[in-house]
Amino acid sequence: MTQQVNDNIVDKSIKRVHKLEAKGVKVFYDDFEAIKGIDMQIKANKVTAFIGPSGCGKSTFLRLFNRMNDYVDGFRMEGEILIDGENIYKKKVNVEQLRKQVGMVFQKPNPFPKSIYENVAYGLKIQGIKDKKYLKEKVEDSLKQVALWDEVKDDLNKSAMALSGGQQQRLCIARTLAVEPSIILMDEPTSALDPLSTAKIEELIYELKQKYTIVIVTHNMQQAGRISDYTAFFYLGELIEYDKSKKLFTNPEKQQTENYITGRFG
Amino acid sequence: MRKFKEVFIEKSLLTSALITILITLGIILVLSLEAVNFFREVPIIDFLTDTQWTPLFTDKHFGIMPLLSGTLLTSFIAIAFAVPVGLSISIYISEYAPRSFRKSIKPALELLAAVPTVVYGFFALTVVTPFLQSFIPGLSGFNSLSAGLVMGIMIIPFVSSLSEDALHAVPNSLREAAYGMGSTKLQNSFRVLVPAASSGIIVSIILAISRAIGETMIVAIAAGQQPRLTMDPTVPVETITAYIVQVSLGDVEHGSLEYRTIFAAGITLFIFTFLLNTFSYKIRKKFREKYE
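What you are looking at is a predicted structure, and each value in this text was computed from that prediction instead of being measured.

A. Inspection of the overall build of chain A at higher detail. A tally of helices and strands in chain A yields 10 helices and 10 strands. Taking 2.2 N^0.38 as the reference for a compact globule, 266 residues should give roughly 18 Å; the C-alpha atoms of chain A span a radius of gyration of 19 Å, in line with that estimate. On the principal axes, the C-alpha backbone points of chain A span a range of 55 × 45 × 40 Å. The proportion of buried residues among the 266 residues of chain A is 45%. Intrachain contacts of chain A at a sequence separation of at least 6 include 69% that bridge at least 24 residues.

Written out as structure tokens, the structure reads:
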């Protein structure tokens, strides 16, 4: 189905505004159709939230943008995903390179069982960067961006596993920032965290959008309302409604959206 | 009636558990008693420092070192072969192989451990040694190289299967993290998964070493029976296990000093495998704590 998006989301005169674009995207897991044809455009330097009940395909859809579904058994896709106008599912695309441009933060904090320093430096090291001074600066810089530096600057060689859940998640964000992506995908990044850590991450997301395009999947509608500029509501593999968050949460066009955000199902 | 049945079952289970422990203790006791008798006649310092082991000759020497060197040499060759191969196999199965292939290859590999070791022994003696002789001139008919290599083949599944389990047990979230950062499969395997699974991998290697040190038939058949203090893999050697077989099957009088040598050799072997097993148990315990 084609989603007609109103006012300034579709703005064909300025091409760069659309960082990400999905064209007629369908996803199958073996015979199961998880995404049933979605067209969507996502703006640069904005926070776009995906909401919807479990199993609606929002996570699957998110993971298309860095090709994380490629490893899932039986995964098959139709249509195109464009980043800056380039189809990332073309044969020639270097997937590793793509993922350096499109960072990802996961539901459960998943630091490597290495030191804090090694975690943040990992992405740079696998690119073959060995310059110690540069790595150090980059690690410090990334940790400062997520406001974790002051908490860990004396313990950089300690295991990341010893940090609290909220710290681990901020470390994972720092790890992603270190490789300087332009897009950050977040798959329910606060669902495993306490309210205080959640608040910190939300604050962080708000700051990060100056430099990055952020797409976030969340189960928490208050969160979507608080942090996102745009919100997309998914249901049963379809994009039901996509609008400015303010509009979608106060005055949704579709009955299904209203039912969901008012808590009548999901 | 029902309660009686419960009690009966409980007690019989307890008895089976106790029997196993008692048998182990019994073995240790017999080994120790006979070894103590042996050390009454042979000073322990000679046993540890003498460089010759000739208990069956008229000029008797009781130095364990030649047997120990034979054991360590063959085990070292086996491990040096089995660890790289086994680890590569485990990484391939866990990270690269399609799931359907993984299901069939694992039991197939474990079959390697099910081949009777006497078959391996003859394989080493009649196939591997002649093959190696074709490009290593001067390789003797019995040698530690071919015995060690074949023993290595036998213990591959110990390394590959347990390492694969350890790699497979690494939470998927770490794989996703590594791929999400732009790692290639190779970088993911070696920089993230192998370090994350390192304790399990180390345990698999220790168990493989322990198995290699205790292995008997292959070395008895293919490595020769000449106790010799050497690190040269091309000449015949004798391992502790092979010596025990030799004496047990020979016509040495029971209760004699020569007879008791096998207990002294046996307890040396036991100490080695016991230490290795304890070590691996400790690592495994630490490993469990880490992921809970």
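B. Seen up close, the UniProt feature "domain: ABC transmembrane type-1" (unreviewed entry) in chain B. When the UniProt feature table is mapped to this numbering, "domain: ABC transmembrane type-1" (unreviewed entry) covers residues 68–280 of chain B. Between the C-alpha atoms that bound residues 68–280 of chain B there is a distance of 21 Å. The span itself is 78% helix and 0% strand.

C. Main features of the environment of Gln256 of chain A. All names here are of chain A. Within the secondary structure, Gln256 is located in helix H10 (residues 255–261). Gln256 gets classed as partly exposed once you count the C-beta atoms within 10 Å, which come to 19. For the pair Gln256 and Glu137, spaced 119 residues apart in sequence, the C-alpha to C-alpha distance is 49 Å. With residues up to four places along the chain from it excluded, the contact list for Gln256 reads Tyr235 and Ile240.

D. Structural view of the interface of chain A and chain B. Taken residue by residue, the interface counts 18 residues in chain A and 16 residues in chain B. Counting residues per element, the ones that place at least two in the side of chain A that touches chain B are helix H2 (95–101) and helix H3 (116–125) of chain A. The element that contributes the greatest number of residues to the side of chain A that touches chain B is H2 of chain A, accounting for 4 residues.

E. View of the nonpolar core. In this structure, Val150, Ile155, Val159, Ile218 and Ala222 of chain B are the most contacted members of the largest nonpolar core, which totals 140 residues. When residues no more than four places from it in sequence are discounted, the contact partners of Ala222 of chain B are Gly121, Ala124, Leu125, Thr129, Phe142, Ser146, Ala147 and Val150 of chain B.

F. How the structure looks around unusual backbone geometry. All names here are of chain A. Phi at Asn45 takes a positive value of approximately 55 degrees, unusual for a residue other than glycine. By the secondary structure assignment, Asn45 is in the loop between strand E2 (32–43) and strand E3 (47–51). Even without a glycine there, the phi angle at Asp84 is positive, about 50 degrees. In this fold, Asp84 is placed in the loop between strand E4 (75–83) and strand E5 (86–87). Its 15 C-beta neighbours within 10 Å are what place Asp84 among the partly exposed residues.

G. Structural context of the packing of H3 of chain A against helix H6 (residues 165–178) of chain A. Residue and element names in this part refer to chain A. Contact geometry for H3 and H6: axes closest at 7 Å, N-to-C directions at 30 degrees. Of the possible angle classes, the one that applies to H3 and H6 is roughly parallel. At the point where H3 passes H6, the crossing takes the right-handed sense. Where H3 abuts H6, its residues Ile116, Asn119, Val120, Tyr122, Gly123 and Leu124 lie against Leu171, Ala174, Arg175 and Ala178. Class assignment for the residues of the contact of H3 with H6 results in 7 nonpolar, 2 polar and 1 charged.

H. Up close: the sheet that holds E4 of chain A. Residue and element names in this part refer to chain A. The 4 strands are arranged E2-E1-E4-E5 in an open sheet whose pairing can be described as antiparallel. Edge positions in the open sheet fall to E2 and E5, since each of these has one partner strand only. As judged from the 2 bridges shared by E4 and E5, these two strands associate in the antiparallel manner. Each bridged residue has a counterpart across the sheet, and for Leu82 the counterpart in E5 is Asn87.

I. A look at the sheet that holds strand E8 (residues 213–217) of chain A. Residues and elements named next belong to chain A. Taken in spatial order, the 6 strands make up an open sheet running E6-E7-E8-E3-E9-E10, and their pairing is mixed. Unpaired on one side and paired on the other, strand E6 (102–105) and strand E10 (238–244) mark the two borders of the sheet. Each strand axis lies, on average, 15 degrees off the axis of its neighbour in the sheet, ignoring direction. As defined by bridge partners, E3 adjoins E8 across 4 bridges and the pair is classed as parallel.

J. Focus on the UniProt feature "transmembrane region" (unreviewed entry) in chain B. Residue and element names in this part refer to chain B. The positions UniProt marks with the feature "transmembrane region" (unreviewed entry) are residues 12–33, 64–87, 108–132, 190–209 and 262–281. Helix makes up 100% of residues 12–33 and strand 0%, whereas the separation of the span's terminal C-alpha atoms amounts to 31 Å. Each end of residues 262–281 is marked by a C-alpha atom, and these two atoms are 28 Å apart; helix forms 100% of the span and strand 0%.

K. Just helix H6 (residues 144–169) of chain B, in detail. Residue and element names in this part refer to chain B. In this model H6 runs 36 Å from its N-terminal to its C-terminal C-alpha over 26 residues, within 8% of the 38 Å that 1.5 Å per residue would give. Along its length, H6 reaches its greatest deviation from straightness, about 40 degrees, at Ile155, and the proline Pro157 lies no more than four positions downstream. H6 sits mainly inside the fold: 22 of its 26 residues count as buried.

Cut-off values and rules
- Residues numbered from 1 in each chain as written.
- Chains lettered and ligands numbered in written order.
- Predicted model: local features only at pLDDT ≥ 70, side-chain atom pairs only at ≥ 80, totals over all residues.
- Helix = DSSP H or I, 4+ residues; strand = E, 2+ residues; numbered from the N terminus.
- Rg over C-alpha atoms; globule rule 2.2 N^0.38 Å.
- Buried ≥ 20, exposed ≤ 12 C-beta atoms within 10 Å, placed from the backbone.
- Contact = placed C-beta atoms within 7 Å.
- UniProt positions renumbered as here; feature names shortened; annotations may be inferred.
- Core = buried A, V, L, I, M, F, W, Y, C linked by C-beta atoms within 7 Å.
- Axes fitted to C-alpha atoms, helices over the stretch in contact; angles between N-to-C directions.
- Parallel < 35°, antiparallel > 145°, perpendicular 65-115°, else oblique.
- Left-handed = near helix turned anticlockwise from the far one by under 90°.
- Nonpolar A, V, L, I, M, F, W, Y, C, P; charged D, E, K, R; others polar.
- Pairing = 2+ DSSP bridges.
- Expected span 1.5 Å × (residues − 1).
- Bend = angle between axes of the 7 residues up to and from the residue.

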